[in-house]
Amino acid sequence: DQLVLTKPLGTGIITTAGKAGEADPATLSRAIEVMSVLNKAASEAMMEVGVNACTDITGFGLLGHLQTMVEASGVAARIHFSRVPLIQGTWDLALQSIVPAGTVRNLRSVEKIASWDPSLAPEAREVLCDAQTSGGLLMSLPPERVPRLMEALSQRGVTGVAIVGEIVERGASLIEVLP
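None of these values were measured; they are calculated from a predicted model.

How would you summarise the overall build of the protein if you had to cite specific residues and measurements?
When you go through the protein residue by residue, the secondary structure sums to eight helices and seven strands. Seen along its three principal axes, the alpha-carbon backbone of the protein occupies a region of about 45 × 40 × 25 Å. Per-residue burial for the protein yields a buried fraction of 49% across its 179 residues. In the protein, once contacts between residues fewer than 6 apart in sequence are set aside, the share between residues at least 24 apart is 88%. Taken as a whole, the protein presents about 8200 Å² of accessible surface, with 53% of it coming from carbon and sulfur.

Which residues make up the environment of Gly12, and what values do they have?
For Gly12, the location among the structural elements is in helix H1 (residues 11–19). Residue classification places Gly12 among the buried positions, given a relative accessible area of 5%. Along the backbone, Gly12 and Glu151 are 139 residues apart, and their C-alpha atoms lie at a distance of 29 Å. With residues near it in sequence (within four places) discarded, Gly12 still touches Pro100, Asp130, Ala131 and Gln132.

Give a description of the packing of aromatic side chains that names residues and reports values.
Any aromatic ring pair is given by two values, namely how distant the centres are and how the planes are angled relative to each other. Within this structure, the stated rule accounts for one aromatic pair. Seen from their ring centres, Phe81 and Trp91 are 5.7 Å apart, and the 50° between their planes marks the pair as tilted. Separated by ten residues along the polypeptide, Phe81 in the loop between strand S3 (76–80) and helix H5 (90–95) and Trp91 in helix H5 bring together distant segments of the chain.

How would you summarise the sheet that holds strand S1 (residues 2–5) if you had to cite specific residues and measurements?
Strand order in this open sheet of seven strands is S2-S5-S1-S6-S3-S7-S4, and the pairing throughout is mixed. Edge strands, defined here as strands with exactly one partner in the open sheet, are strand S2 (53–56) and strand S4 (114–116). Averaged over neighbouring strand pairs, the angle between their axes works out to 20° when direction is ignored. With four bridges joining them, S3 and strand S7 (residues 175–178) adopt parallel strand pairing. From the neighbouring strand, His80 faces S7, where its bridge partner is Leu178.

Please give an account of the environment of Leu5 that cites residues and values.
Along the chain, the position of Leu5 falls in strand S1. Classification of Leu5 as buried rests on a relative accessible area of 0%. Between the alpha carbons of Leu5 and Val84 there is a distance of 7.9 Å; along the sequence they are 79 residues apart. Residue contacts for Leu5: discarding those within four places in its chain leaves Ile57, Leu62, Val84, Pro85, Leu137, Leu138, Gly160, Val161, Ala162 and Val164.

Residue-level account of the side chain of Thr103, with values.
If you trace the backbone, Thr103 turns up in helix H6 (residues 101–110). Engagement of the side chain of Thr103 in a polar contact is seen with the side chain of Asp130, the distance being 2.9 Å. Not counting residues within four places of it along the chain, the set of residues in contact with Thr103 comprises Glu126, Cys129, Asp130 and Ala131.

Break down H1 for me, with residues and values.
Buried within H1 are the following residues: Thr11, Gly12, Ile13, Ile14 and Ala17. Looking at the packing, one finds that the buried side of H1 touches helix H2 (25–36), H5 and helix H7 (122–128). After H1 finishes, the residue Gly21 shows a positive phi value of roughly 70°.

Outline the packing of helix H4 (residues 61–73) against H6, supporting the account with residue identities and numerical values.
Running from amino to carboxyl end, H4 crosses H6 at an angle of 40°, the nearest separation of the two axes being 9 Å. Judged by the inter-axis angle, H4 sits oblique to H6. Read as a crossing pair, H4 and H6 show a hand that is left-handed. Residues Gly61, Leu63, Gly64 and Gln67 of H4 pack against Asn106, Ser109 and Val110 of H6. The residue inventory of the contact of H4 with H6, partitioned by class, reads two nonpolar, five polar and no charged.

The rules behind the values
Residues numbered from 1 in each chain as written. Predicted model: local features only at pLDDT ≥ 70, side-chain atom pairs only at ≥ 80, totals over all residues. Heavy atoms only, no water. Helix = DSSP H or I, 4+ residues; strand = E, 2+ residues; numbered from the N terminus. Buried < 20%, exposed > 50% of the residue type's maximum accessible area, 1.4 Å probe, protein only. Contact = heavy atoms within 4.5 Å. Areas by Shrake-Rupley, 256 points an atom, 1.4 Å probe, with all protein chains shown as cover. Phe/Tyr/Trp six-rings, centres within 6.5 Å; stacked < 30°, edge-to-face > 60°. Pairing = 2+ DSSP bridges. Axes fitted to C-alpha atoms, helices over the stretch in contact; angles between N-to-C directions. Polar contact = N/O pair within 3.5 Å; in protein donor to acceptor, adjacent residues only side chain to side chain. Parallel < 35°, antiparallel > 145°, perpendicular 65-115°, else oblique. Left-handed = near helix turned anticlockwise from the far one by under 90°. Nonpolar A, V, L, I, M, F, W, Y, C, P; charged D, E, K, R; others polar.

Rendered as structure tokens:
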């Protein structure tokens, strides 16, 4: 199965930076725009096409919610960091070590079940564990259904969608993170 994400990550990092007076108005505006988009259209597209599993990305971050999904399904997952969409400005703030306390807790929680490619920057771990507010949906579906899902999402005006990884057989770690 392929893993499809319907919204970019970064709302936790950006809102934390905003509270600290460290985020520029354009970055804050982009985060607010992402948080303002409901998951209704994405959910309708998902129901039309049919998926094997889905979770919304909120307080436990992408990897925390993915962990719950793969544990319940008896499988593992592989995430490709370079494919994960980020709200513009998120990476720069992460490089400044501006992350919410919830994100740090999320990272501690998934570190024991995840394996990380050694070439990944430490900030990539934080971004993937960023506690989201009104995050997108993470869907698992067979590869042959992905084009139909992308079309259904596009028809409903859902933008920023990305195939971020795949479901794999369970091995030494529940989640493998690659560059």
